[in-house]
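# Understanding the architecture of this molecule
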Amino acid sequence: MSGGSISLSFEVNGRPIVVETAPVQRLSALLRDKVGLTGTKVGCDAGDCGACSVLVDGEVVCACLVPASDVAGRRVSTVEGLSNGRLSALQQSFLRHGAAQCGICTPGLLITASALLDENPTPSEAEVQDALGGVLCRCTGYRKIVQAVMNANRPVAVDSGTIAPRAAVGASPIRLDGERKITGREIFGADERPPDALSVLVMRSPFWHATFEIGDREAFIAAHPGIVGVFTAADIPGENRFGVIPPFADQPALAEGRARFRGEAVALIAGERDAIEALDPARFPIAWTELPYCLTTEEARTPGAKLVHEERPDNLLTQGLVESGDPEAGFARAEAIVEGSMETSYVEHAYIEPEAGYAMVDGDTLVIKACTQAPFMDRDDTAKVLGLPPEKVRIVPLATGGGFGSKLDVSLQPLIGLVALKTGRPAALVYSRGDSMRSTTKRHPARMQARIGADAEGRITGMIFEGDFNTGAYASWGPTVANRVPVHASGPYRTPNYRAVGRAIHTNGPISGAFRGFGVPQATIMQETLYDRLAGKLGMDRLEFRLVNALSDGDRTTCGQELHGVGIRQCLEQLRPHWERALADAESFNKESFKTRRGIGVASCWYGCGNTALPNPSTIRVGISRDGAVVLHQGAVDIGQGSNTVIAQICADASGLPLSAFTLLGGDTGITPDAGKTSASRQTFISGKAAEKAGRALRETILRFANVSDAAEISLEGTVLVIREGQAVRHVALDNLPADAHGYVFSAEETYDPPTTALDGKGQGKPYAVYGYGAQIVELEVDMRLGTVRLLKITAAHDVGRAINPILAEGQIEGGIAQGIGLALMEEYVPGRTENLHDYLIPTIGDVPPIETILVEVPDPEGPFGAKGLGEHVLIPTAPAILNAIRHASGAEIQKVPATPSRVLAAIQAAGRKP
Ligand code: FES
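Predicted model, so just to flag it, every value in this text is computed and none were measured. (Residues numbered from 1 in each chain as written. Predicted model: local features only at pLDDT ≥ 70, side-chain atom pairs only at ≥ 80, totals over all residues. Heavy atoms only, no water.)

## Considerations on the environment of Ser-341
Relative to the elements of secondary structure, Ser-341 occurs in strand β13 (residues 336-343). The class for Ser-341 is partly exposed, based on a relative accessible area of 34%. For the pair Ser-341 and Gln-895, spaced 554 residues apart in the sequence, the C-alpha separation amounts to 6.5 Å. Discounting chain neighbours no more than four positions away, the residues touching Ser-341 are Met-448, Gln-449, Met-526 and Gln-895. (Helix = DSSP H or I, 4+ residues; strand = E, 2+ residues; numbered from the N terminus. Buried < 20%, exposed > 50% of the residue type's maximum accessible area, 1.4 Å probe, protein only. Contact = heavy atoms within 4.5 Å.)

## Observations regarding the UniProt feature "domain: Aldehyde oxidase/xanthine dehydrogenase a/b hammerhead" (unreviewed entry) in the protein chain
As annotated in UniProt, the feature "domain: Aldehyde oxidase/xanthine dehydrogenase a/b hammerhead" (unreviewed entry) corresponds to residues 183-292 in the numbering used here. Annotation note: span residues 183-292, helix share 13%, strand share 28%, distance between end C-alpha atoms 51 Å. (UniProt positions renumbered as here; feature names shortened; annotations may be inferred.)

## Regarding the nonpolar core
Soluble globular proteins tend to bury their nonpolar side chains together. Phe-94, Val-149, Phe-465 and Ile-886 are the most contacted members of the largest nonpolar core, which totals 155 residues. For this core, the element with the highest residue contribution is helix α15 (residues 520-538), accounting for nine residues. If you look at the next biggest cluster of nonpolar residues, it comprises 49 residues, including Cys-651, Ile-686, Leu-698 and Leu-721. (Core = buried A, V, L, I, M, F, W, Y, C linked by side-chain atoms within 4.5 Å.)

## Side note on the packing of aromatic side chains
What describes a pair of aromatic rings is the distance from one ring centre to the other and the angle between the planes of the rings. Enumeration according to the criterion identifies 14 aromatic pairs in this entry. Taking the centre distance of 4.6 Å and the plane angle of 35 degrees together, the rings of Tyr-493 and Tyr-531 count as tilted. A residue pair is termed long-range when its members are at least 10 positions apart, and Tyr-493 in the loop between α14 (478-488) and β22 (498-506) and Tyr-531 in helix α15 qualify at 38 residues. Judged by its relative accessible area of 2%, Tyr-493 falls in the buried class. Three or more aromatic residues joined by ring pairs form one cluster here, namely Phe-207, Phe-212 and Trp-288. Positioned above the aromatic ring of Tyr-351 is the side chain of Lys-407, whose terminal nitrogen or guanidinium carbon lies 4.1 Å from the ring centre. The ring centre of Phe-865 lies 5.6 Å from the NZ or CZ of Arg-696, which sits over that ring. (Phe/Tyr/Trp six-rings, centres within 6.5 Å; stacked < 30°, edge-to-face > 60°. Lys NZ or Arg CZ within 6 Å of the ring centre and 35° of its normal.)

## Some thoughts on the sheet that holds strand β23 (residues 596-608)
As summarised here, the arrangement of the four strands in space is β23-β31-β32-β33, forming an open sheet in which the pairing is mixed. Two strands lie at the open edges of the sheet, namely β23 and β33 (851-856), each paired on one side alone. On average, adjacent strands in this sheet sit at an angle of 15 degrees to one another, irrespective of strand direction. Across six bridges, strand β32 (residues 789-799) lies against β33 in parallel orientation. Pairing of Thr-795 across the sheet is with Glu-852, part of β33. Against the sheet, helix α17 (residues 568-592) engages β23, β31 (771-783), β32 and β33, with an angle of about 170 degrees to β23. (Pairing = 2+ DSSP bridges. Axes fitted to C-alpha atoms, helices over the stretch in contact; angles between N-to-C directions.)

Below you can see the structure in the form of structure tokens.
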């Protein structure tokens, strides 16, 4: 023992080790930094998320809460110890069931489940939920995790994983990146760090709105051995403004003397790791002067309110409008009209992986390895801020432990890039959970009003919608929300007379950005809850009312766009037997039960895939190397949704080559073409279409070379390309052929940009080339005395056009539903109060009821193999279906989500329905 450290002996995965460590070092940090076992993930450092779960003497513990000295002489088991050369039954079960999406939670879940299975090899669902209740997963909705654990030691049919050529689309091969995720080998943003890297501490504003002055930097550095630099906005060599939508780019990487929101970055301190970890940020010389601020859209719109940006009058960032027909005339001929208002809260993305990565200078290029959803956007924003040509910034995406929209915006990239450029040393940064929640984007809180009328047959005659969306201090995706909402606020229904306005309004609250749905989930809560009231006024069955109005092929949207491949009617029809059964069940239950009432709700969704009325290209390259590998440059970043596998399946079938021959190269901007950002449910459709085109082009190149027809079959045998047409077989030795600049003997690169048009002043045009559709039924019970809600079952029918990979599609649906449950019932980010995963609640494994998924396949004429996007759609109907079920059960009309027990109880009382 020396200098405050101890020599610690313990056993890890059956191997005795001895390490020097501080006795109070967290076991999680010890395992990751000293033992090199980065399979143990860190999500919160507070015991809230369970990502760091390990076994100590066979007991599950959160390694972030265990001091190193506690494990002296004891046995520690981590995810790396589960496989011993062969995947365990549990790991194989996780792969088979598609139980890992982004994979950041997977090690903690596997470890926890392994402890359960050691005691109980064939647990029940309730036993699995009980055992795994302390580990959060934000992607999967838990249902496949439950199945994987329950079935780990049960005999189930095993998919051989072998897929015949041209049969990949529609199959569910094990995800191509799956094994890395279930063995702990996946490298996330915090898992890699050059040994000579500096650590970076970001100083942030503690005030909603304040000016600041930074004191004597040199004296601060001199007083703190190991600190090598302090950097402020004055050190930024480029244009200190970034933003995802260039005309609105307004966010400084480091604030310039004035911070507009709590958590805004104002300065960077760089130093040796120990020095940064020991630093007391309170000693940083900075003087603050608080300024007046506004946090809500009402405050921000009050005449005379302090402007967040002086150049944006009335704190209005922008607004979108869609207008068609004459809504007032529509109301005049309505048999029934309903109107109402709805308010939603900030929602935190709560991915289990906080932002993390490092930057380094490689020759004349700045290389940034970090988690991201949008490598090329990161490159361009970082280059702009740092005054570099884009080609001198290389973004290498590391695995991303969930994003859901927030990792579309740059966060740490320009900050660590600045430190690396200024110091010449690599610079690493991992956001704390608090910094992640304070400084990154949220779902827009919305205040909405709407009025909808229908005739005696239940046909919608008119609708007016208005929504104010709190976009926070900087623009981020506010313009997208303002413009996407009016297009979608009608729902997937014929609405002949329509006016919808969406406003993005600045406040000094957290920045609101992209979050699965871009405002559409909020608007759908407004529209679908009014639909229930309208159906009730007309005395119509609520599902039937939706079917009367559902869009069909050849119908025009409120933007005047003619639609084809419309599957909403089929989704609702598929739900009809479930609806009738659930209503009958509820009726019979409620005859006997008065304190607990059962309710059934339904809601629909539609969602345009890709950017709204803007160019949105993806490029995919595929090549065959001289050694016989089919290399797919797959730049559609897989943040868990499965694009690595889905894009490869599409390309494989388009080319006629077997999926098993494919090797993936990721979205490294230095080696892979731009496949755009992973957002707006665009990757399966847009990058998938580019992959389909590239696969076909590669095939055509080979067929031309061999001078055979499209009926020929192509396969690979080692380094030999085998081409069969009828009885004729030709063997092409690849290693004898010349390679191109990328190292390929045959290759293709194709770009696809969906055909959209700009919207005119009234929002008329073709904003999206492809829409996806869906509808969900929720069955639940409401405790009439407590206002608590217990979900019983959710049935989800989604039109995916073509299910490229049904298991991954189901996983998307279940994960989206879980986030919809959070939106409806529990998630409310309160700035300054819920900046951790203890006070901010997301659904746990016990909060997600059984989900029955129905995949509807109405092919889209534009999509690859008919496929449509899915990722955002799946969250949209859940919350309104829950609210409709609560109203059906209890009479409670919720006007603010989340529908917490106190709000439900107040609404029950307002409805005069207390038992
Ligand atoms: Fe569980 Fe992503 S797979 S958090």
